[in-house]
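What follows is each chain in one-letter form.
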Amino acid sequence: MEKNAVWYTNGKGNNVKVLVCKDYDTLSKKAAGILAGIVNVKPNAILGLATGSSPVGTYKELIKLNQEGLLDFSAVRTYNLDEYYPLDPSNDQSYHYFMNDNLFDHVNIDKNNVHVPDGNAPDMNKACESYEAMLNEVGGVDIQVLGIGGNGHIGFNEPTDTFVGPTHVVELTESTIKANSRFFEKIEDVPTKAISMGIASIMKAKKILLVANGTGKADAIAKTLEGPITPWVPASILQLHPDVTIIVDEAAASGLKEYKPAE
Ligand code: GLP
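For the structure given in this document, a descriptive report is provided here. As the structure is a prediction and not an experimental result, all values here were calculated from the model.

## Looking at the overall build of the protein
Scanning the protein from terminus to terminus reveals eight helices and twelve strands. The C-alpha atoms of the protein give a radius of gyration of 17 Å, which matches the 18 Å a tight globule of 263 residues would have. Across the 263 residues of the protein, 52% fall into the buried class. Long-range contacts, defined as pairs at least 24 residues apart, comprise 78% of the intrachain contacts of the protein with a sequence gap of at least 6. Of the roughly 11,800 Å² of accessible surface on the protein, a fraction of 52% belongs to carbon and sulfur atoms. Averaging the coordinates of the 23 positive side-chain charges in the protein and doing the same for the 33 negative ones gives two points 6 Å apart.

## Considering the pairing of strand β1 (residues 5-9)
Where β1 lies against strand β2 (residues 16-21), four bridges are found, and the strand directions are antiparallel. Across the sheet, the residue bridging to Tyr-8 is Val-18, located in β2. Sheet topology note: the β1/strand β12 (residues 260-261) ladder contains two bridges and is antiparallel. Considered in β12, the bridge of Thr-9 is made with Lys-260.

## Some words on the packing of helix α1 (residues 24-41) against helix α2 (residues 56-67)
Packing of α1 against α2 leaves a shortest axis separation of 8 Å and a crossing angle of 55°. Relative to α2, the element α1 is oriented oblique. Judged by the sense of rotation from one axis to the other, the crossing of α1 with α2 is right-handed. Two secondary-structure elements touch here, α1 through Tyr-24, Asp-25, Ser-28, Lys-29, Ala-31, Ala-32, Leu-35 and Ala-36 and α2 through Val-56, Gly-57, Thr-58, Glu-61, Leu-62 and Leu-65.

## So, helix α3 (residues 95-102)
Those residues of α3 not exposed but buried are Tyr-95, Phe-98, Met-99 and Asn-102. The buried residues of α3 occupy an angular sector of 95° when the element is viewed end-on, so they sit on one face. Along its buried surface, α3 packs onto β3 (46-49), α2, β4 (77-80), β5 (82-85) and α5 (174-180).

## Considering the pairing of strand β9 (residues 193-196)
Inspection of the sheet shows β5 paired to β9 by four bridges, in the antiparallel sense. What sits directly across from Glu-83, in β9, is Ile-195. Two strands pair when backbone bridges link them, and strand β8 (residues 168-171) and β9 are joined in this way by four bridges, in the antiparallel orientation. Within β9, the position partnered with His-168 by the bridge is Ser-196.

## Description of the site of the ligand
Taken together, 13 residues are adjacent to the ligand, and Ser-53, Ser-54, Asp-82, Arg-182 and Lys-217 come closest. Between the ligand and Ile-148 there is a distance of 3.3 Å, counted from an oxygen atom to a backbone nitrogen or oxygen. In this structure, Gly-155 approaches the ligand through a main-chain N or O atom, which is 3.2 Å from a nitrogen atom. Contact with the protein chains hides 95% of the accessible area of the ligand, taken as 390 Å² for the molecule alone. Of the residues belonging to the shell around the ligand, the class tally is three nonpolar, seven polar and three charged.

Definitions and cut-offs
- Residues numbered from 1 in each chain as written.
- Predicted model: local features only at pLDDT ≥ 70, side-chain atom pairs only at ≥ 80, totals over all residues.
- Heavy atoms only, no water.
- Helix = DSSP H or I, 4+ residues; strand = E, 2+ residues; numbered from the N terminus.
- Rg over C-alpha atoms; globule rule 2.2 N^0.38 Å.
- Buried < 20%, exposed > 50% of the residue type's maximum accessible area, 1.4 Å probe, protein only.
- Contact = heavy atoms within 4.5 Å.
- Areas by Shrake-Rupley, 256 points an atom, 1.4 Å probe, with all protein chains shown as cover.
- Lys, Arg positive; Asp, Glu negative; His and termini not counted.
- Charge placed at Lys NZ, Arg CZ, Asp CG, Glu CD.
- Pairing = 2+ DSSP bridges.
- Axes fitted to C-alpha atoms, helices over the stretch in contact; angles between N-to-C directions.
- Parallel < 35°, antiparallel > 145°, perpendicular 65-115°, else oblique.
- Left-handed = near helix turned anticlockwise from the far one by under 90°.
- Arc of directions from axis to C-beta.
- Near = heavy atom within 4 Å.
- Polar contact = N/O pair within 3.5 Å; in protein donor to acceptor, adjacent residues only side chain to side chain.
- Nonpolar A, V, L, I, M, F, W, Y, C, P; charged D, E, K, R; others polar.

Rendered as structure tokens:
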């Protein structure tokens, strides 16, 4: 039988599990399977969700499972990683809009259980504090979905000389503004700031599920898994989390040297 997905290991027995899939479709099905498994055993699970193109296939699979009656979102609560600032939630480039469009509008989730940082708050710092307080109140999400930027960012935690812990205001880097300008009419329309869960907010998750595809992510994935833990590659902090699963396609895995298919 053809293998569609193979677990990779660096043989050092660390806690990062890497699943290399033959293509994006397989990756999306595997990621959705993990999320659905959690919701099926814990119907009121708390999901940390991410935007970007990487998890779109995963969300499509979740919608399918929901519509087939195999997955119930009615008691699920969600917390999203980040939001542009300033941007009204009704703006079609906002992450609020993205999540409605790519998941929430198509499943039986109660919108009162959905949380996305407020990109329109009059006081940004207060908005960050209250988002972090909400995360603390629930005691961390059961599973946090992550994508990864080509520069190794997670959420909007950009490479810099220090890890920032809680939800905070971010100045987006040129490379992120450029990468994300593909979704906007022109580059000048991309907000230069965002509100993002911080590294500590992300690390509080009980489980982490990172999805990445394409050669554009190969370098970031290699540095995340095999490089030093450094705020210059924010995702490298995941090496310290006790329960991380990284699901990639072959292209995104192509920079790995130490990780090999598990026997
Ligand atoms: C954005 C988001 C990240 C996302 C990243 C990668 O900057 N803030 O959460 O992981 O882009 O996006 P994509 O999946 O489209 O490559």
